[in-house]
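Structural overview
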Amino acid sequence: QESLYARLGGQAALETVVDGLLQRATRDPRIQEFFKDTNVRHLRTQLVEQLCAASGGPCRYEGETMKNAHAAMGLRTAHFNALVEDLQDALDAAGVPFALQGELLALLAPMHRDIVTR
Ligand code: HEM
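A short tour of the structure in this document, coming up. Note on numbering: residues in each chain are counted from 1, in written sequence order. Under the rules for a predicted model, residues below a pLDDT of 70 receive no local features and side-chain atom pairs below 80 are neither given nor counted, while totals for whole chains, interfaces and linings still include all residues. Only heavy atoms go into the side-chain values, all of them from the structure, while hydrogens and water stay out.

1. Some thoughts on the overall build of the protein
Helix and strand counts for the protein stand at seven helices and zero strands. Written out in order from the N terminus, the α and β elements of the protein read α-α-α-α-α-α-α. Expected size for 118 residues packed as a compact globule is a radius of gyration near 13 Å; at 14 Å, the protein falls within 12% of this value. Projected onto its principal axes, the C-alpha coordinates of the protein cover approximately 40 × 25 × 25 Å. Residue burial is assigned from relative accessible area. The probe radius is 1.4 Å, only protein chains are included, and a residue is buried under 20% of its type maximum, exposed over 50%, and partly exposed in between. Looking at the protein as a whole, 36% of its 118 residues qualify as buried. In what follows, a contact means two residues having at least one pair of non-hydrogen atoms within 4.5 Å. Taking the contacts inside the protein whose residues are at least 6 apart along the sequence as the reference set, 71% of them involve residues at least 24 apart. Of the roughly 6,900 Å² of accessible surface on the protein, 52% is carried by carbon and sulfur atoms. When charges are counted, neither His nor the chain ends are considered; positive counts come from Lys and Arg and negative counts from Asp and Glu. Every charge is mapped to an atom, namely NZ of Lys, CZ of Arg, CG of Asp or CD of Glu. Averaging the coordinates of the 12 positive side-chain charges in the protein and doing the same for the 15 negative ones gives two points 4 Å apart. Think of it this way: any DSSP run of H or I at least four residues long counts as a helix, any run of E at least two long counts as a strand, and we number them from the N terminus. Restricting the calculation to C-alpha atoms gives the radius of gyration, and the globule rule supplies 2.2 Å times the number of residues raised to the power 0.38. Accessible surface area values rest on a Shrake-Rupley calculation with a 1.4 Å probe, where residue burial reflects the displayed protein chains alone.

Rendered as C-alpha cells:
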C-alpha cells in the first residue's frame, strides 16, 4: 500500500489543501481572531511539513509541539471542530476522495487533546 501522502497526490496536493485551509480559517468568523497576529507564510510552511510527515511523506516536522504552539490560545472543542470543517471544505475543493479525507482526519483527531485546553 502506497503512503497516504502519495495517494493524496504528494507535495503539490498537500500545498493546495493547506492553502485552501488557511484561506478558509483566516476568513472564518468562528476562528479568524486567532490568526490575526500570525505569520501565515510561516504557518503554511509548518503545516505542509507536518501533514507531509504525518501522512508518510519524505518530510520531517521540526516545528513546535502541538501543545506548545496552541497553549496560549485557550482553544475549545468548537474551535477545533470549526478548523476541521474548514479542512474538509478545502479537501473537497481539492477533489480529495472521501475515504482519503477520512484517513487524514484520523491522523489529526488525536491532536485534539494537546490543542484544546478548555
Ligand atoms: C488538528 C488540528 C491542528 C493542527 C494539525 C495544527 C497545526 C499547527 C501547526 C503545525 C502550527 C505551527 C507550529 C509552529 O510554528 O512550529 C500551528 C500553529 C498555529 N495554530 Fe494550529 N493546528 C491545529 C488546530 C488549530 C486550531 C483549532 C486553531 C485555532 C482555531 C489553530 C490556530 C493556530 C495558530 C493561530 C497558529 C500560529 C501561532 C503563531 O502565530 O505562532 N490551530 N498549528
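Here the narrative resumes.
2. Re the coordination of the iron atom of the ligand
Looking at the protein side alone, the iron atom of the ligand has one donor only, His70 (NE2), at 2.0 Å. By the secondary structure assignment, histidine 70 is in helix H4 (residues 66-70). Because no water is among the atoms considered, metal sites can look incomplete, with donors defined as N, O and S atoms within 2.8 Å of the metal, or 3.2 Å for Na, K and Ca.

3. Remarks on the state of the cysteines
Among covalent bonds in proteins, the disulfide is the one between the sulfur atoms of two cysteines. Criterion for a disulfide: a pair of cysteine sulfur atoms at a distance within 2.5 Å. Counted according to the given criterion, the structure contains one disulfide. A sulfur-sulfur separation of 1.9 Å characterises the disulfide bridge that pairs cysteine 52 with cysteine 59. Residues cysteine 52 and cysteine 59 are joined through a disulfide that is right-handed, its torsion about the S-S bond being 85 degrees.

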